[in-house]
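Architecture at a glance
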Amino acid sequence: MKKNNFLHSLPFKLLVGVTLGICVGLLLNMTDESAITTAILNVAVTLKYILGQLINFCVPLIIIGFIAPSITKLGNNASRMLGVAVCIAYASSLGAALFSAISGYALIPHLSISSTADNLKTLPDVIFELSIPQIMPVMSALILSVMLGLAAAWTKASLISSFLDEFQKIVLAIVSRVIIPILPFFIGLTFCTLAYEGTITRQLPVFLQVIVIVLVGHFIWMALLYVLAGIYSRENPLEVVKHYGPAYLTAVGTMSSAATLAVALQCARKAKPLRKDMVDFGIPLFANIHLCGSVLTEVFFCMTISKILYGALPAPGTIVLFCILLGVFAIGAPGVPGGTVMASLGIITGILKFGDSGTALMLTIFALQDSFGTACNVTGDGALTLILTGYAKRHNIKEQNIRVDL
């Protein structure tokens with residue numbers, strides 16, 4: 001059963017797409033520029049362009065569908081503890097993003113990244129252009145999502161809130177039934193063109209180094225979260241983290257914070273320092289809004305891909321803006337495989353100015369290690385719940401049953 005699930009999983013399909021794309025691209029690279037080679041490349045470039053247009057068209061829909069309903073739900077359950085939980089979740093995601101950015105500026109220039117412009121083959125033009133413009137710019141979609149979500153919460157507009165919930169289901173259906181199925185083809189075609197140009201053979205060692213660096217970053221950030229949580233709550237954080245082994249392994253296997261929720265609750269309830277009401281409240285909430293590992297991964301990968309494809313790291317001001325907005329998107333992203341990078345496609349293309357190749361590389365390398373980012377998210381939830389427990393004790397908040405419908 002596990003084998004069957006893996007064969008039908010997105011990472012396996014992406015691996016197949018990447019492998020086939022690289023193999024075909026390398027074969028075309030080794031052949032002379034014959035009519036057959038040119039025809040195959042024309043088809044590949046055109047299909048990649050069309051699929052890229054379709055994915056970009058869905059970006060504003062994804063932003064509105066993920067962000068607005070999440071803000072509405074948080075507003076409907078507004079309370080002091082909820083406000084604290086959202087603030088520390090955002091602070092953790094923003095801190096992880098900035099930590100990743102600083103690490104990127106310190107480490108990426110020392111990686112052996114060669115210019116992709118040297119001795120690369122040129123791709124043919126697309127056969128025809130099928131332009132599919134977005135319904136609105138990315139930033140307009142973000143502002144609309146925030147304004148709509150806040151206004152619906154303030155006015156307790158139940159009809160609009162219900163509509164946003166339904167719209168979120170529609171967008172999730174589009175993502176699961178349209179975007180996800182075409183991703184392996186889009187990424188396979190992208191890697192085919194990159195392999196033909198010669199980019200992949202030059203930069204594969206760099207990608208392997210980057211994945212190792214990111215994994216080390218996950219453990220550093222988790223350690224920092226638990227140390228800070230222990231200091232604030234005046235409890236031993238090891239009494240919490242020692243129970244999180246099953247949750248970490250489950251997250252590695254499922255790549256989903258939502259799918260790991262039941263195991264995470266069991267692990268957190270075994271931790272003596274955590275108040276039971278804070279566990280029942282915090283763990284389900286953080287599974288949806290706390291994505292520090294995914295954010296850390298995305299920032300470092302984006303900086304690496306920018307260096308590989310575009311020859312330079314993004315400007316510090318651009319990265320800071322990207323990190324600030326990414327923290328917001330992380331709160332609204334669904335706790336499903338690839339949820340963070342899907343929700344943030346808009347700022348990847350709008351703020352960092354990534355093209356189709358950059359987007360495809362980002363989606364691929366993120367998906368191939370997404371399980372470890374999810375495991376970092378889930379394990380970090382225990383630290384934030386410890387902070388909530390410390391806050392409740394410091395402010396003499398009586399223990400009670402708190403239910404949040406997410």
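We now turn to the structure provided with this report. Residue numbers here run from 1 along each chain, matching the order of that chain's written sequence. In keeping with the model being predicted, local features are shown solely for residues with a pLDDT of at least 70 and side-chain atom pairs are shown and tallied solely at 80 or more, while totals for entire chains, interfaces and linings include all residues. The side-chain figures draw on all heavy atoms in the structure; neither hydrogens nor water molecules are used.

**So, unusual backbone geometry**
Even without being a glycine, Lys156 presents a positive backbone phi close to 50°. Relative accessible area decides the class of each residue, using a 1.4 Å probe on protein chains only: under 20% of the type maximum gives buried, over 50% gives exposed, and in between gives partly exposed. According to the relative accessible area criterion, Lys156 is exposed, its value standing at 69%. For Lys353, which is not glycine, the phi dihedral falls at a positive 60°. Strands are runs of DSSP state E lasting at least two residues, helices are runs of H or I lasting at least four, and both sets are numbered from the N terminus onward. Within the secondary structure, Lys353 sits in the loop between α15 (345–350) and α16 (356–394).

**Considering the pattern of salt bridges**
Take a side-chain nitrogen of Lys or Arg and a carboxyl oxygen of Asp or Glu: if they are within 4 Å of each other, that pair is a salt bridge. Per the counting criterion, the structure on display carries three salt bridges. Notably, a salt bridge pairs Glu235 with Lys393, separated by 2.9 Å at the nearest N-O pair. Taken as a pair, Glu235 in the loop between α7 (199–233) and α8 (238–241) and Lys393 in helix α16 lie far apart in primary sequence, 158 residues in all. The residue Glu239 makes a salt bridge to Lys242 at a minimum N-O spacing of 3.1 Å. We classify Glu239 as partly exposed; its relative accessible area is 29%.

**Quick word on helix α11 (residues 276–289)**
End to end, α11 covers 20 Å across 14 residues, agreeing with the expected 20 Å (1.5 Å per residue, within 8%). The largest bend along α11 measures about 30° and falls at Gly282, with the proline Pro284 one to four residues further on. In terms of burial, α11 is a largely internal element, twelve of the 14 residues being buried. Looking only at α11, the buried set comprises Asp277, Met278, Val279, Asp280, Phe281, Gly282, Ile283, Pro284, Leu285, Phe286, Ala287 and Ile289. Here a helix's expected span is defined as the number of its residues, less one, multiplied by 1.5 Å. What is called the bend at a residue is the angle between a pair of axes, fitted to the seven residues leading up to and ending at it and to the seven starting from it.

**With respect to the environment of Ser140**
Relative to the helices and strands, Ser140 resides in helix α5 (residues 138–154). Distance in space between the C-alpha atoms of Ser140 and Pro60 is 8.4 Å, their sequence separation being 80 residues.

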